[in-house]
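What follows is each chain in one-letter form.
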Amino acid sequence: MIMRDILECILFMGILAAASPFLGRFIHTVMEGDKTPLHRVLGPVEQFAYRISGIHPDREQSWRRYALSALVFSAAGFILTMAVLMFQGVLPLNPQGFSGTSWHLAFNAAASFATNTNWQSYAGETALSHFSQMVGLTYQNFVSAAVGIAACMAICRAIARNQTQVVGNFWADLVRVILYILLPLSILFAIFFISQGVVQTFLAGVDAATLEGGRQYIALGPAASQTAIKLLGTNGGGFFNANAAHPFENPTALSNFFQCLAMLLIPSSLVFTFGEIVKNRRHAWTIWCIMAAVFIFGVLAAALAEQGGTVMLAEAAGGSVPNLEGKEARFGVFGTALFATAATATSCGAVNAMHASFTPLGGLVLLFNMLLGEIIFGGAGSGLYGMILFMVLTVFIAGLMVGRTPDYLGKRIQAREVTWCMVALLIPAMLILGLSAVAAATEWGRAGLLNAGTHGFSEILYACASCAQNNGSAFAGLKADTPVWNVSLGAAMLMGRFGVMCSMMAAAGSMAARSIRPKSEYSFPVEGATFGALTLAVIFVVGALTYLPALSLGPVVECFQMTAGRVF
Amino acid sequence: MRHTRVHTYSSALYRRAIAEAFRKLNPRLLAKNPVMFVVGVGSALTTVAFIRDLAAGAPAGFSGQISLWLWFTVLFANFAEALAEGRGKAQADALRSARSEAVAFRFLDWPHSETTERVPAAALRPGDLVRVEAGGVIPADGTVERGAAAVDESAITGESAPVIRESGGDRSAVTGGTTVLSDQLMIRVTQEPGKSFLDRMIGLIEGAKRQKTPNETALNILLAGLTLIFLLVVMTLKPFGLYHGASVSIVVLAALLVCLIPTTIGGLLAAIGIAGMDRLIQRNVLAMSGRAVEAAGDVDVLLLDKTGTITLGNRMAAEFLPMPGVRKEELIKAALWASLGDETPEGRSIVALAGRLGVDLAIAPVPGDVTAIPFTAETRMSGIDWAGGQIRKGADEAVLAWSASLGHPDCGRDVRALTEPVGKSGGTPLIVASRDEGILGVIYLKDVVKEGIRARFERIRAMGIRTIMITGDNRLTAQAIAREAGVDDYLAEAKPEDKLQLILDLQKEGRLVAMSGDGTNDAPALAKSDVGLVMNTGTQAAREAGNMIDLDSDPTKLIEIVEIGKQLLITRGALTTFSLANDVAKYFAVIPALFMLAIPEMAALNIMGLSNPQSAMLSAVIFNALIIMALIPLALKGVRYRPGSTSKILRRNVLVYGVGGVVAPFAGIKAIDMILTGIGLI
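One numbering rule holds for all chains: residues counted from 1, following each sequence as written. Chains carry letters from A onward and ligands carry numbers from 1 onward, assigned in written order. Confidence filtering applies because this is a predicted model: local features only for residues at pLDDT of at least 70, side-chain atom pairs given and counted only at 80 or more, and all residues used for totals across whole chains, interfaces and linings.

**Student:** Lay out the overall build of chain A with the relevant residues and their values.
**Tutor:** For helices the rule is a DSSP run of H or I covering at least 4 residues; for strands it is a run of E covering at least 2, with both sets numbered from the N terminus onward. The helix and strand tally for chain A stands at 20 helices and 6 strands. A compact globule built from 568 residues would reach a C-alpha radius of gyration of about 24 Å, and chain A, at 23 Å, matches this within 12%. In terms of overall dimensions, chain A has a C-alpha envelope of 75 × 55 × 45 Å along the principal axes. Labels follow a simple rule on C-beta atoms placed from the backbone: if 20 or more others lie within 10 Å of a residue's own, it is buried; if 12 or fewer, it is exposed; otherwise it is partly exposed. Buried residues in chain A amount to 62% of all 568 residues. Long-range contacts, defined as pairs at least 24 residues apart, comprise 79% of the intrachain contacts of chain A with a sequence gap of at least 6. Two things to know: the radius of gyration comes from C-alpha atoms, and the globule rule equals 2.2 Å times the number of residues to the power 0.38. A pair of residues counts as a contact when their C-beta atoms, built from backbone coordinates, are separated by no more than 7 Å.

**Student:** Can you lay out the overall build of chain B for me, pointing to particular residues and giving the numbers?
**Tutor:** Tallying secondary structure elements over chain B gives 22 helices and 22 strands in all. Relative to the compact-globule value of 26 Å for 682 residues, chain B shows a C-alpha radius of gyration of 34 Å, a clear excess of over 25%. With respect to the three principal axes, the spread of C-alpha positions in chain B is 115 × 60 × 40 Å. At a minimum sequence separation of 6, the contacts of chain B that also span at least 24 residues come to 68%.

**Student:** Any details on the pairing of strand 17 (residues 438–449) of chain B? Residues and values, ideally.
**Tutor:** Residues and elements named next belong to chain B. Within strand 17, 9 of the 12 residues are buried, which leaves the element mostly enclosed by the surrounding structure. By the bridge criterion, 7 bridges tie strand 16 (residues 428–434) to strand 17 in an arrangement that is antiparallel. Paired with Leu430 across the strands is Ile443, a residue of strand 17. Note on pairing: two strands pair once DSSP finds at least 2 bridges between them. Hairpin geometry of strand 16 and strand 17 is characterised by an intervening segment of 3 residues between the two adjacent antiparallel strands.

**Student:** Give me the lowdown on the domain arrangement of chain B, citing residues and values where you can.
**Tutor:** As a measure of interface size, the accessible area lost when the parts come together is often cited. As used throughout, domain bounds are those supplied by an automatic or database domain assignment. Domains assigned within chain B are domain 1 (11–90 + 212–282 + 565–679), domain 2 (103–136 + 141–190), domain 3 (300–310 + 451–551) and domain 4 (314–448). The distance between the C-alpha centroids of domain 1 of chain B and domain 3 of chain B comes to 44 Å.

**Student:** Now, about unusual backbone geometry: what can you tell me, with residues and values included?
**Tutor:** Positive phi is not limited to glycine here, since Leu409 of chain A has a value of about 50 degrees. Tracing the backbone shows Leu409 of chain A in the loop between strand 5 (407–408) and strand 6 (411–412). Of the residues examined, Leu409 of chain A has 24 C-beta atoms within 10 Å and is grouped as buried. Despite not being glycine, Asn284 of chain B has its phi angle at roughly 65 degrees, a positive value. Looking at the secondary structure, you find Asn284 of chain B in the loop between helix 9 (263–282) and strand 10 (285–287). Classification of Asn284 of chain B by C-beta neighbours within 10 Å gives buried; the count is 21.

**Student:** I'd like to hear about the interface of chain B and chain A, residue by residue, with values.
**Tutor:** With 55 residues of chain B at the interface, the matching set in chain A holds 53 residues. Counting residues per element, the side of chain B that touches chain A draws most heavily on helix 7 (residues 214–243) of chain B, at 17 residues. Gly is put with the polar residues, along with every residue not named as nonpolar or charged; the nonpolar set is Ala, Val, Leu, Ile, Met, Phe, Trp, Tyr, Cys and Pro, and the charged set is Asp, Glu, Lys and Arg. Here the side of chain B that touches chain A is composed, by residue class, of 30 nonpolar, 16 polar and 9 charged.

**Student:** Explain the environment of Val72 of chain A residue by residue, including any values.
**Tutor:** Residue and element names in this part refer to chain A. In this structure, Val72 sits in helix 3 (residues 63–86). The exposed category is assigned to Val72, around which 11 C-beta atoms lie within 10 Å. It is 18 Å that separates the C-alpha atoms of Val72 and Val177, two residues lying 105 residues apart in sequence.

**Student:** Go over the pairing of strand 20 (residues 513–517) of chain B with me, naming the residues and quoting the values.
**Tutor:** Residue and element names in this part refer to chain B. The buried fraction of strand 20 amounts to 5 of the 5 residues, a majority that puts the element mostly inside the structure. A two-sided burial pattern is seen for strand 20, the buried positions comprising Val513, Met515 and Gly517 on one face and Ala514 and Ser516 on the other. Where strand 11 (residues 301–305) and strand 20 come together, 3 bridges link them in parallel fashion. Considered in strand 20, the bridge of Leu303 is made with Met515. Judged from the 4 bridges that link them, strand 20 and strand 21 (residues 531–535) form a sheet pairing that is parallel. Note that in strand 21 the partner of Ser516 across the bridge is Leu533. The handedness of the strand 20 to strand 21 crossover, carried by helix 18 (residues 523–528), is right-handed. Handedness is read with the strands pointing away from the viewer; a crossover is right-handed when the path from the first strand over the helix to the second is clockwise.

**Student:** Tell me about the sheet that holds strand 18 (residues 466–470) of chain B, and name the residues and values.
**Tutor:** All names here are of chain B. Read across the sheet, 7 strands follow the order 10-22-21-20-11-18-19 without closing on themselves; strand pairing throughout is mixed. At either margin of the open sheet sits one strand with a lone partner, and together these are strand 10 and strand 19 (489–491). Neighbour-to-neighbour, the strand axes of this sheet turn through a mean angle of 20 degrees, independent of strand direction. Note on geometry: axes are lines fitted to C-alpha atoms, helical ones only across the stretch in contact, with angles between N-to-C directions running from 0 to 180 degrees.

**Student:** Break down the confidence of the model for chain B for me, with residues and values.
**Tutor:** Residue and element names in this part refer to chain B. On a scale of 0 to 100, pLDDT captures the predictor's confidence in every residue. Confidence in the prediction of chain B, expressed as mean pLDDT, is 85, and 97% of residues score 70 or more. Across chain B, the element-wise mean pLDDT spans from 75 in helix 5 (residues 154–157) up to 94 in helix 3 (residues 34–56). Scored below 50 in pLDDT, residues 1–7 makes 14 contacts in the model with residues more than four places away or belonging to other chains. Under the prediction, the complex receives an ipTM of 0.93, its pTM being 0.87.

**Student:** Hey, could you go over the environment of Ala512 of chain A for me, with residue numbers and the actual values?
**Tutor:** All names here are of chain A. Here Ala512 is to be found in helix 18 (residues 483–513). C-alpha separation for the pair Ala512 and Gln226, spaced 286 residues apart in sequence, amounts to 37 Å. Once residues lying within four places of it in the same chain are set aside, the contact partners of Ala512 are Trp63, Ala158, Arg161, Thr164, Gln165 and Val167.

**Student:** Give me the lowdown on helix 14 (residues 412–424) of chain B, citing residues and values where you can.
**Tutor:** Residue and element names in this part refer to chain B. By this rule, a helix spans an expected 1.5 Å times one less than how many residues it contains. In this model, helix 14 (13 residues) spans 18 Å end to end at C-alpha, consistent with the 18 Å of a helix rising 1.5 Å per residue. Where helix 14 bends most, the angle comes to about 25 degrees, and this point is Leu418, followed within four residues by the proline Pro421. Of all the positions in helix 14, only Val415, Thr419, Val422 and Gly423 are classed as buried. Considering only its buried residues, helix 14 is in contact with helix 13 (396–405), strand 16, strand 17 and helix 16 (475–485). Just downstream of helix 14 lies Gly426, where phi reads positive at about 90 degrees. Bend at a given residue is defined as the angle between two axes, one fitted to the seven residues that end at that position and one fitted to the seven that begin there.

**Student:** I'd like a description of the packing of helix 3 of chain B against helix 7 of chain B, backed by residues and values.
**Tutor:** Residues and elements named next belong to chain B. Where helix 3 contacts helix 7, the axes come no closer than 8 Å and their chain directions differ by 35 degrees. Residues Pro34, Val35 and Val38 of helix 3 touch helix 7, and the partners they reach there are Leu223, Ala224, Thr227 and Leu231. A class-by-class count of the residues in the contact of helix 3 with helix 7 yields 6 nonpolar, 1 polar and no charged.

**Student:** Account for the nonpolar core, with residues named and values stated.
**Tutor:** If you look at the biggest cluster of nonpolar residues, it comprises 363 residues, and the most contacted ones within it are Ile155, Met504 and Met505 of chain A together with Val621 of chain B. Residue contributions to this core peak at 21 residues, all from helix 20 (residues 558–595) of chain B. Taken domain by domain, the makeup of this core includes at least three residues from each of domain 1 (11–90 + 212–282 + 565–679) and domain 3 (300–310 + 451–551) of chain B. In this view, Ile155 of chain A contacts Tyr385, Ile388, Met504, Met505 and Ala508 of chain A; residues no more than four positions away in its chain are not counted. In these notes, a nonpolar core means any group of buried Ala, Val, Leu, Ile, Met, Phe, Trp, Tyr and Cys residues linked to one another through C-beta atoms within 7 Å. Ranked by size, the runner-up nonpolar core spans 32 residues in total, among them Val359, Ile384, Ile391 and Val399 of chain B.

**Student:** Mind laying out the environment of Ala244 of chain A, listing which residues take part and the relevant values?
**Tutor:** Residue and element names in this part refer to chain A. By the secondary structure assignment, Ala244 is in the loop between helix 8 (223–232) and helix 9 (253–277). For Ala244, a count of 30 C-beta atoms within 10 Å corresponds to the buried category. Once the C-alpha coordinates of Ala244 and Pro518 are considered, the two residues, 274 residues apart in sequence, prove to be 48 Å apart. Residues contacting Ala244, with those up to four places away along its chain left out, are Gly238, Glu249, Asn250, Gln259, Phe339, Ala350, Val351 and Asn352.

**Student:** Please provide a residue-by-residue account of the sheet that holds strand 2 (residues 116–120) of chain B, values included.
**Tutor:** The strands that make up a sheet are held in pairs by hydrogen bonds between backbone atoms, and each pair lies either parallel or antiparallel. Residues and elements named next belong to chain B. The strand order across the open sheet formed by 6 strands is 2-1-3-9-4-7, and the pairing between neighbours is antiparallel. The open sheet terminates on both sides in strands that have one partner only, identified here as strand 2 and strand 7 (173–174). Sheet analysis places strand 1 (residues 103–107) next to strand 2, joined by 5 bridges and oriented antiparallel. Counterpart to Phe107 in the pairing with strand 2 is Thr116.

**Student:** Now, about the packing of helix 13 (residues 360–371) of chain A against helix 20 (residues 548–563) of chain A: what can you tell me, with residues and values included?
**Tutor:** All names here are of chain A. Interaxial distance between helix 13 and helix 20 falls to 9 Å at its minimum, and their mutual angle equals 160 degrees. In terms of orientation, helix 13 and helix 20 fall into the roughly antiparallel class. The way helix 13 lies across helix 20 gives a crossing that is left-handed. Of the residues in helix 20, those in contact with Pro360, Leu361, Gly363, Leu364 and Leu367 of helix 13 are Leu551, Pro555, Val556, Glu558, Cys559 and Met562. Any angle that is under 35 degrees is reported as roughly parallel, and any over 145 degrees as roughly antiparallel; angles of 65 to 115 degrees are reported as roughly perpendicular and all others as oblique. For any pair of crossing helices, the crossing counts as left-handed if the nearer helix is rotated counterclockwise from the farther one by less than a right angle, and right-handed if it is rotated clockwise.

Have a look at this one:
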């Protein structure tokens, strides 16, 4: 690790720490329905949207109705996307003349976009028409992120409110998130990316004569606008198959830096929005520091692992060299490690390198980030409510030790809250471990593997974790475009997303009905280092240790094997 | 109960607990505790594997030992619960023997005739009237209809000094199973047989009707959820192992599962709850529900009656303050005479103070025939009448009005000059007036704050609990006593319904309220409060309304109850934390052991350097079983609670049980591994 990398890391976290509270407060203002400077331009649009769709923003819903609205809305988007993909051959904006996709690919892709996962079993530029990209990716990139943020806001409100049944209006929240947060930010970032050389055009692509005299088809398309929202909404589905490794999607080191920032920006800001909602800024900073600590640790560990290279490389080169296999030279080791950690810590899942080519330890960091449950900043909205799940458990376990019935921000944690939190914890564990076990033990599961042995096992585990936790990044190596993989991973995405979301809404709904216990100096402190350390401990013992056996059979043991000279 | 109390864990208790531990292996009993049920299933599976190994002639030493220790894990947990129950059971047995097969003399046709019939106590129904004579055992819970008697309640309270039970007022409740020492009582039965106080007490002590408290339920769900997750982890290890070409045996999987699920807290949770209730019983408090014990740990506000709780029950005369122009001796003499017929403690204290100041009946003989005028709520005065005059003493307005009605000049200002300082210093002024001379002066009645009460309130404050004193006195008096006793706040001029309103208001703010009471007019407030401690001397209505009964009738015991509640929660939290923290080391013991043969590089994870896979596995299982045994004393005694700031308590407990929980098994498992290989068991 060189000084430059450390400085870059500090600069990165510094910008994030400086920008997040402002954006967080802005989001709070917007979600409260209060006026912002943007309202002068967008206010009429918002009112128009309410009028034509018959939304009454002041008519608040119970958590059940709110969750049902989110489910119905997502289901409609899911069906729409699936239909568009299957019938893209007869739909407009198809200059390349692609035919409709198979039903299982359409199911997988529709599930993937509707759940903010953006797992891609296909190569975007060679399988999807512009229309499919715009509906499947661009539209869903916005709304799936908005659904996550809206659900998170409802959960935050439920915790903050005193003895109530209502947690907000889903439709109004959805409109506000898209209109005031996602759209303006996307435009800002898109313009910046265009300045860096990201393409933005409706042309099909060009045929170019290469220097060797061969012909090459160079795909083009509206990439900049889509790249902005893919990162901001922690979606991750690239316009190009190579995703952010493609020079038209992520051309420079500077664009790489800001793409990383774009991934973390909204999840990081929502922490401060939460702080505003529950009127406890110190708690928000504590959450942010927990997330930042794990994040920085991940970046440094991944960067060190890649910088250190491998024994084989060292032998071949006659000295220690960094592992640059599968990495873009314009980003270097640190730019890659930063991007990969950001994309797996948030549920973004964009990639600017081949994750399968990471050293085992580097790969372990990425896998670990996902297995934690995408809570280190995490997905837009989903990251924060995932974190709230662990904080509720922390308060419940450790809170007893101060001799009071545990309460989180004044809300007593009792059987109902614990039940739903455990359900939210069980669902991803069941999906990841269950699906990995079936895949590892059956022929169809192993058939798609590129590598044998422990590395192959990592590929399975990575795919299942990536889908169930709605990350969407691929370790690569696993050929997942088969009916069984497509359907099972698609189902995992749907259950992982909406199962956890609804469980957390149920837990929050129960908390909303409880009376707030006034805060005193004898309340369980949810601010400061002790709480931070405790939460980290619970995340690791309850969240991470669950996957230790599986991890030890994958990347951990692969690392030891590699040191001993065994490769796959 | 004090004399029948089981003080120490005698060997009989241990023997009984061991037998119970085996009886609790019954799957239906085991199923109540999901964690231990899973361990039980694991034990059965490994036993089957062991028998199969034996039958096949394969080496069965390993599966045999694992199976043995898994059974021990279940037995140790059962033993902890049985031991916690044991003390209560022994006490309940003692109470049962006190519940003699009493006979009752039931009035046949009251009030038309006094004839009674002899019926067994079990035949009594609510509403029946019975007669109990000196030496007789009261056959059922009831209310005294007629008569007054000294009753020996030691069978229930353990207090050997008899108490007075009389009809009317707040001392009318009698408890079945207690003995009338003198006189006779007519009692109206208020309880069905089998639902009497004594029966409920036996049930509570025995833990027969023990319901899980809200927090215990939530903790059980957490533990069940974790057990499910770990079940998933272990079940998927089989296919994961197959992928790597490693076949993992059922014995090993069962061992791993038991190591990972939170057996320490799962095994001790019930014992912690029972022991918490038992600690209350040791202090002569009966909790009607576990919920109340838990709420006690959570209490934010303590409402305390001034009289009897903060101050000694009675006000004492402290000073005589004559009006300007009245000789002090004159006032003392009038006060003394006015108090002659006054048998209240206040009246007697006036006589005593007068005596101390040198004025007694020898010096001031009573003039001729006197008629004592008793205090009534309407006149709010008492005094004497005799041929040559009248003397009255009482509340200021009442006496002022009486004096004015006799044509004496209004001297309200002078009176107020005397009474105000009295009120400000927490006293009660009593005005003395005579028919002929009008207002003579003021008797300063002082509330005596109980000794040591201030220190107790400081301890309560350190726990983060606000104390509010409830009193019928005026604001000035209340303020002065509040300051002297060191309570945080007071509610002056309080009527019974004000107390109820205060509780409702506090609860609306999200606070938990504890109070103590004994009178019937306390009943609504007791019923609404989160912790309502009723004095055993209280009325039947109050005893029905509260959720805890103090057999010693000591209102300040609320403080100890709060501490016990907190201790209960802390013990649960500490052992849960310890249990979960243990998993870190167990993973490092078991995971490498599982796959070391198939994947030799796994050895790098064997950071404890355990000698071989089988020994590693067995050491983890043995540690897991022994730690339950080792923590039984802590579970029964409870983690010590010292009042202090929350973050300090948290840091200390996290350090001991969290960090300690991570470190201890590393050392323990390594030590067991060394012993196992040392004596060649593996």
